[in-house]
Amino acid sequence: MAATNLPNVSSRFYVTTPIYYVNDAPHIGHAYTTVTADALARWHRLHGEEVWFLTGTDEHGLKVAQAAEKHGVSPQDWADTTVERFKDTWKLLDIANDDFIRTTEPRHYRAVEKLLQACYEAGDIELGVYEGLYCVACEAYYTEAELVEGNCPIHDRPVDTVTEENYFFKLSRFEQRLLDWYEAHPDVITPETRRNEVLGFIRQGLQDFSISRTSLQWGVPLPWDPSHVTYVWFDALTNYITGVGFPDDKAPLWRFWPADVHLIGKDIIRFHCVYWPAMLLSAGIEPPVNWHVHGWLLVGGEKMSKTRLNQIAPADLVETFGVDGYRYHFLRDPSFGPDSDFSYEGMVVRYNTDLANNLGNLLSRVATVVAKKCGGTGPAPSPDSPLAAVAATAFATATRAWQDVQPNLALEATWRIVRETNAHLEANEPWKAEPGPALDAVMGDALEALRIVSVLAFPAIPTTAQAIWERIGLPGSVVEQRLPDAAAWGGYPGGLPVEKGAALFPRVTE
Ligand code: MSP
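Presented here is an overview of the structure given in this document. (Residues numbered from 1 in each chain as written. Predicted model: local features only at pLDDT ≥ 70, side-chain atom pairs only at ≥ 80, totals over all residues. Heavy atoms only, no water.)

Some points on the pairing of strand β4 (residues 125–135)
Every other side chain in a regular strand lies on the same face of the sheet, so the side chains alternate between the two faces.
Point 1. As defined by bridge partners, β4 adjoins strand β6 (residues 160–169) across 10 bridges and the pair is classed as antiparallel. Considered in β6, the bridge of Y134 is made with D160.
Point 2. Both β4 and strand β5 (residues 140–142) contribute to a ladder of three bridges, which runs antiparallel. The residue bridging L133 from the neighbouring strand is Y142, located in β5.
Point 3. The hairpin turn running from β4 into β5, its antiparallel successor, is four residues long, and E139 in that turn takes a positive phi close to 60°. (Pairing = 2+ DSSP bridges. Helix = DSSP H or I, 4+ residues; strand = E, 2+ residues; numbered from the N terminus.)

Shown next as structure tokens:
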């Protein structure tokens, strides 16, 4: 039997998602990042690593203040109400985050103030006058050259010309330091094309960026000049250190810093890979170990947006496909890197093929034969099964893929075990065979394959993985299993009651 509850912690793993604007209703684009972070966290926990998984909401800034005003409530009340949409969605999707950070929490104010103060004392924040082209939706200034036909390149809407006295973060001083740092840490931005994009951006020359506003109250006041509040991006990025106890370097969670991976969409790469490491270097804090950048989920070839009315809420898909069906699709279908187009029809096909047919049928036909020919008791696997090598290869491939944040490849590898096991059954036709040792070996092998699949697929489909575990009679839970031992062939002991139960994934018709 696979070892359980190993006490040793091989290493630590700190994974974050961006913190989402509370104004938006959560859609499948937000969930894409969060489900991936959750699966990654679960994969690392299965290795006995000490994991910290942080997500949360970005609650300050002009957009929130404006929305609150429109609804006749205070910004805090507005944030308190709208944050629930994110919390509910993550609960629905079985997201097991360790903490949820809101930028309006006192602990976060403390962290932002300290980080500001540290950068100020380092001489990297100075007062200046800003005139710039500002996109309210991005909460960011753009240069003329960055606009697309005079509009914001992200939101395709007009920008405003704004003049104000601001404090500036002296990003221009960090050009060489950042280039040197990136040279010394070649793997910190993945995929490599994104790293090249960032280096190209830095080499073009960096401009100081404004980090405060006097025109707005809804934010963290600057500790040395409270007539200014902090620019929302400085505030938001700080969440990643607030979440592990900054500014208290004695905080127990501080051991998780630097973060192992910040998962981010390509739209926020400049803030994360240029501003954020510069802010940290200024304050004498180590930058993160890795940023993993993914593309957009498109709907009908377009980015989802409120104005285009093409946002899809996760709950609508969960109704049809279930939570695990949902999670599986978004982990298995898009390649985590380039943009990819979401297709409902494609989701139906993949669900029916991979989940209803391949995995669901495998369990149901195994349980049926065991009931009919083995008296309902699962036999032990054979040590020299051809499926042992299939499982070992799949595990090795999945391990590499999770390391590279390529869930689609990890799941593709895992499903190779499912397909090969179905093929093994079809080749041996146990439903036609007489009871006896040969039949027992085939069924034991299939049960062992199911055991391994339930461990390897657990990060993607946690509830179903546990259901399979229980139906093949295994005690305890998948979450207690420890890799790599739990993937080694031969863990299914035999002699356990196997139960058919209802279909794991009822077929979906379009
Ligand atoms: N609040 C900032 C992030 C601050 S992090 C210090 C923000 N929020 S956001 O809600 O607009 O979006 C954040 C992230 O959501 C994106 O970077 C991306 O990870 C995810 N996505 C939002 N829309 C998406 C798609 N259509 N497709 C894929 N991911 C998307 O920016």
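Considering the layout of surface pockets
Point 1. Roughly 430 Å³ of internal volume is contained in the second largest pocket.
Point 2. In terms of lining, the second largest pocket is formed by 24 residues, of which the most central are Y141, T143, E146, Q207 and R270.
Point 3. Contributing elements (two or more residues each) for the lining of the second largest pocket: β4, β5, β8 (209–210) and α9 (269–283).
Point 4. It is β4 that contributes the most residues to the lining of the second largest pocket, four residues altogether. (1 Å grid on protein atoms, 1.4 Å probe; cavity = no way out; pocket = protein on both sides within 12 Å on 5 of 7 lines; lining within 4 Å. Points joined across faces, edges and corners; volume = space filled by probe spheres on them.)

Description of helix α4 (residues 106–121)
Point 1. Between its terminal C-alpha atoms α4 stretches 22 Å, which fits the 22 Å expected from 16 residues at 1.5 Å a residue.
Point 2. Among the residues of α4, those classed as buried are H108, Y109, A111, V112, L115, L116 and C119. Along α4, the residues classed as buried sweep out an arc of 165° about the axis, all on the same side. In α4, those exposed residues whose orientation departs by more than 90 degrees from the buried face are P106 and E121.
Point 3. Among the residues trailing α4, G123 stands out with phi positive, at a value near 85°. (Expected span 1.5 Å × (residues − 1). Buried < 20%, exposed > 50% of the residue type's maximum accessible area, 1.4 Å probe, protein only. Arc of directions from axis to C-beta.)

Some details on the pattern of salt bridges
Point 1. If you walk through the whole model with that rule in mind, you get 24 salt bridges.
Point 2. When the shortest N-O distance is used, the salt bridge between R42 and D94 registers 3.9 Å. With R42 in helix α1 (residues 28–46) and D94 in the loop between α3 (75–92) and β3 (99–102), this pair connects stretches of sequence that are 52 residues apart.
Point 3. Classification of D94 as partly exposed rests on a relative accessible area of 26%.
Point 4. For E426, the salt bridge identified is with R365, shortest N-O distance 3.1 Å. Linking E426 in helix α13 (residues 407–428) with R365 in helix α11 (residues 344–373), this pair joins segments that are 61 residues apart in sequence.
Point 5. Within this structure, D124, E126, K170, R173 and D208 form a network of salt bridges that share partners. (Salt bridge = Lys/Arg side-chain N within 4 Å of Asp/Glu carboxyl O.)

Let's talk about the packing of aromatic side chains
Point 1. Counting across every chain of the model gives 31 aromatic pairs.
Point 2. On the numbers, 3.7 Å between centres and 5° between planes, the contact of Y120 with W224 is stacked. One end of the pair, Y120, is in helix α4; the other, W224, is in the loop between β10 (221–222) and β11 (225–230), with 104 residues separating them in the sequence.
Point 3. Through pairs of rings, three or more aromatic residues link up here, namely Y14, W52, Y240, F246, W254, F256, W257 and W276.
Point 4. Positioned above the aromatic ring of F100 is the side chain of K87, whose terminal nitrogen or guanidinium carbon lies 5.1 Å from the ring centre. (Phe/Tyr/Trp six-rings, centres within 6.5 Å; stacked < 30°, edge-to-face > 60°. Lys NZ or Arg CZ within 6 Å of the ring centre and 35° of its normal.)

Keep in mind these values describe shape, not function.
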